[in-house]
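Below are the chains, spelled out letter by letter.
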Amino acid sequence: MDHLDELEAQSIYIFREAFARLKKLALLWSLGKDSNVMIWLARKAFFGKVPFPALHVDTQKKFPEMYAFRDQYAKEWGLDLKVDFCPPIEEIDPTLPPAARSAARKTEGLKLALAKYGFDGLIAGIRRDEEATRAKERVFSPRGLEGGWDVRDQPPEFWDHFNASPPQGAHLRIHPILHWTEEDIWAYTQRENIPIIPLYLSNNGKRYRSLGDQDITNPVVSNASNIDEILTELKGTKVPERAGRALDHETEDAFERLRVAGYL
């Protein structure tokens, strides 16, 4: 197997482990490049049909292109799509910096969705290379009763042996692409011909490398107009993937505060 085959096989194994060992799963679909790869992998893992819901916790502030993509491919891929909305900004901790406070709406929306559906496992498309606190994650990551994450109390994971027993009333986050990189995501997307949102491609000398809410996400300077050019650009750039995310430019502990409270 080549590198992408090995990544795919490992991710499919993680999907099947989660499905076999947890009672009620959902796949968190943020509509970006990583979670679209996850949908693709899930369809491969289960022979063309995703056997659990795709959950979009909607801030109602995504780009129009993202909503158009969701509506088209939820139908085309036969997804059991559940859309749940986030509470208003007025209900969010006012001590957080502005972008972190806006992002925290998603955490609170996710908590409401968990209470509503009773999921004991949430499959999320985070990667260790994206951001420093995500590098500390496990593949099967236990969350507290309030959805919180204790970075100091993470289970060991040796030889692909995972702790798939969440505490009573709590849940697990499962991360099938934790070991992938941004370059891996794009190479796999190209190989598999996975549809992408046009915002990832250059328009007037700028493109988005990471997609979030319109009001806290900005494009970066780039002339990459196709995936080959994106891959070439990634080999030479020193610009972080989340350089366009306002959240990542706020106080040093803002992101970790969100993650401890349950943010993806």
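Residues numbered from 1 in each chain as written. Predicted model: local features only at pLDDT ≥ 70, side-chain atom pairs only at ≥ 80, totals over all residues. Heavy atoms only, no water.

Asker: It is not clear to me how the sheet that holds strand E3 (residues 81–85) should be interpreted in this structure. Could you clarify?
Answerer: Hydrogen bonds between backbone groups are what pair the strands of a sheet, and the pairing can be parallel or antiparallel. The strand order across the open sheet formed by 6 strands is E3-E2-E1-E4-E6-E5, and the pairing between neighbours is mixed. On the outer flanks of this sheet lie E3 and strand E5 (140–143), each paired with one strand and no other. Pairwise comparison of adjacent strand axes, ignoring direction, gives a mean angle of 30° for this sheet. Sitting on the sheet, helix H2 (residues 33–45) touches strand E1 (25–28), strand E2 (54–58) and strand E4 (121–123), and the angle it makes with E1 is about 140°. (Pairing = 2+ DSSP bridges. Helix = DSSP H or I, 4+ residues; strand = E, 2+ residues; numbered from the N terminus. Axes fitted to C-alpha atoms, helices over the stretch in contact; angles between N-to-C directions. Contact = heavy atoms within 4.5 Å.)

Asker: Any chance you could explain the packing of aromatic side chains here in plain terms?
Answerer: One pair of aromatic rings is described through two measures. These are the centre distance and the angle between the planes. Evaluated as defined, the whole model comprises 12 aromatic pairs. Judged by centre distance (5.0 Å) and plane angle (40°), the rings of Tyr73 and Trp77 are tilted. For the pair Tyr73 and Trp77, one class covers both residues: buried. Here Tyr117 and Phe119 contribute two aromatic rings whose centre-to-centre distance is 5.3 Å and whose plane-to-plane angle is 35°, an arrangement assigned as tilted. Given the relative accessible area of 17%, Tyr117 is considered buried. Grouping aromatic residues by their ring pairs yields a cluster made of Trp29, Trp40, Phe69, Tyr73 and Trp77. (Phe/Tyr/Trp six-rings, centres within 6.5 Å; stacked < 30°, edge-to-face > 60°. Buried < 20%, exposed > 50% of the residue type's maximum accessible area, 1.4 Å probe, protein only.)

Asker: Would you mind showing me how to read the pairing of E3 here?
Answerer: Across 5 bridges, E2 lies against E3 in parallel orientation. Note that in E3 the partner of Ala54 across the bridge is Leu81. In the classification by handedness, the crossover that spans E2, the intervening helix H3 (residues 64–76) and the parallel E3 is right-handed. (Right-handed = clockwise from strand over helix to strand, strands pointing away.)

Asker: What am I meant to see in the pairing of E2 here?
Answerer: Both faces of the sheet carry side chains from a regular strand, because those side chains alternate between them. With 5 of 5 residues buried, E2 is to be regarded as a mostly interior element. On E2, burial covers both faces: Ala54, His56 and Asp58 on one face and Leu55 and Val57 on the other are all buried. The sheet contact formed by E1 and E2 spans 2 bridges and is parallel. Each residue of the ladder has a partner; that of Leu27, found in E2, is Ala54. Once you follow E1 into H2 and on to E2, the crossover reads as right-handed.

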